[in-house]
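Coordinate analysis (summary)
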Amino acid sequence: YWPWPVRIRTLGGFDLEIASEAYKPSRKAQDKPLELLKLLVCCQAMRRDFADKQWIAQRLWPEADEANARKSLDMTISRLRRLLRDEDAIVGQESRLGLSPTHVWCDVAFLLQAHARVGELRDNVRADERGELDPPQAGLAEQVDQPDLLLGRDHLRLVLEPVPGADLADAD
């Protein structure tokens, strides 16, 4: 499972691999840890590496008061880390939470990185055509039923859709 102990695929369905084994929920599996995981992936889709814990708690427990939602979130984080068999897969910075890029591979993050790289290369090609650059030295290297998860999916679609009427050949 090198180099990522946890792999998440969300494009075309949700698949989770933990230590190179496909995740299969037990009968007693709780939904909240996976909901938290999907919400963190959604944040990545919106280019937010970390999300505010209070915001997450409000999404996962909209009916609960702030104190109970926070306690529930802390317990869910612990359960998710145990489910992933990796304490370092979920990282926190002060009051924020995210997926560790060194412990968790996610197709959404990979796709966004590739998309950004393609944009950089496209910009370099345009600048090179105008004689502004030296030649580049590097090559081109489910179903969702929650509104917050839909938001991430829709943001990803917007990022990846071509601009209407834009044509790389006609650029300048």
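Here the structure is a predicted model, which is why all the values come from computation and not from measurement. (Residues numbered from 1 in each chain as written. Predicted model: local features only at pLDDT ≥ 70, side-chain atom pairs only at ≥ 80, totals over all residues. Heavy atoms only, no water.)

**Examining the nonpolar core**
This is how it is decided: Put simply, a nonpolar core is a bunch of buried Ala, Val, Leu, Ile, Met, Phe, Trp, Tyr and Cys residues held in one set by side-chain atoms that sit within 4.5 Å of each other. Three exposure classes are used, based on accessible area relative to the maximum for each residue type with a 1.4 Å probe and protein chains only: buried under 20%, partly exposed in between, and exposed over 50%. Think of it this way: any DSSP run of H or I at least four residues long counts as a helix, any run of E at least two long counts as a strand, and we number them from the N terminus. It only takes one pair of heavy atoms within 4.5 Å for two residues to be counted as in contact.
Grouped together as the largest cluster of nonpolar side chains are 37 residues, with contacts concentrated most on Ile-8, Leu-16, Leu-36 and Ile-56. With 9 residues, helix H1 (residues 31-45) is the single largest residue contributor to this core. Sequence-distant contacts of Ile-8, defined by excluding residues within four places in its chain, comprise Phe-14, Asp-15, Leu-16, Leu-37, Val-41, Leu-99, Val-104, Trp-105, Cys-106 and Asp-107.

**Observations concerning helix H2 (residues 53-60)**
The cut-off we apply is this: Nitrogen and oxygen atoms within 3.5 Å of one another constitute a polar contact, given that in protein one can donate a hydrogen and the other can accept it, and given that sequence-neighbouring residues count only through two side-chain atoms.
Of all the residues in H2, the buried ones are Lys-53, Trp-55, Ile-56, Ala-57 and Leu-60. Its side-chain oxygen at 3.1 Å from the backbone nitrogen of Gln-54, Asp-52 defines the N-terminal cap of H2.

**Regarding the packing of H1 against helix H3 (residues 66-84)**
Cut-off, in case you're wondering: Axes, fitted as lines to C-alpha atoms, cover a helix only where it is in contact. Angles between the N-to-C directions of the axes lie from 0 to 180 degrees. To sort the angles, those under 35 degrees are grouped as roughly parallel, those over 145 as roughly antiparallel, those from 65 to 115 as roughly perpendicular, and the leftovers as oblique. Note that Gly is not counted as nonpolar here; it falls among the polar residues with everything else outside the nonpolar set of Ala, Val, Leu, Ile, Met, Phe, Trp, Tyr, Cys and Pro and the charged set of Asp, Glu, Lys and Arg.
The interhelical angle for the contact between H1 and H3, taken along N-to-C directions, is 85 degrees, at an axis separation of 9 Å. Judged by the angle between their axes, H1 and H3 are roughly perpendicular. On H3, the residues touching Lys-32, Pro-33, Leu-34, Leu-36 and Leu-37 of H1 are Leu-73, Thr-76, Ile-77, Arg-79, Leu-80 and Leu-83. When grouped by side-chain class, the residues that make up the contact of H1 with H3 number 8 nonpolar, 1 polar and 2 charged.

**Quick notes on the sheet that holds strand S5 (residues 90-93)**
So the rule is basically this: Two strands pair under a simple rule: DSSP has to find at least two bridges between them.
Taken together, the 3 strands give an open sheet; going across it, the order is S4-S6-S5, and neighbouring strands pair in antiparallel fashion. Only two strands of the sheet have a single neighbouring strand rather than two, namely strand S4 (50-52) and S5. The average angle at which neighbouring strand axes cross in this sheet is 30 degrees, direction not considered. In the sheet, S5 pairs with strand S6 (residues 96-99) via 4 bridges, with the strands oriented antiparallel. Paired with Val-91 across the bridge in S6 is Gly-98. Contacts between H1 and the sheet are confined to S4, S5 and S6, with S6 contributing the most and set at about 90 degrees to the helix. Of the strands in this sheet, S4 and S6 touch H2, which is tilted by about 70 degrees from S4.

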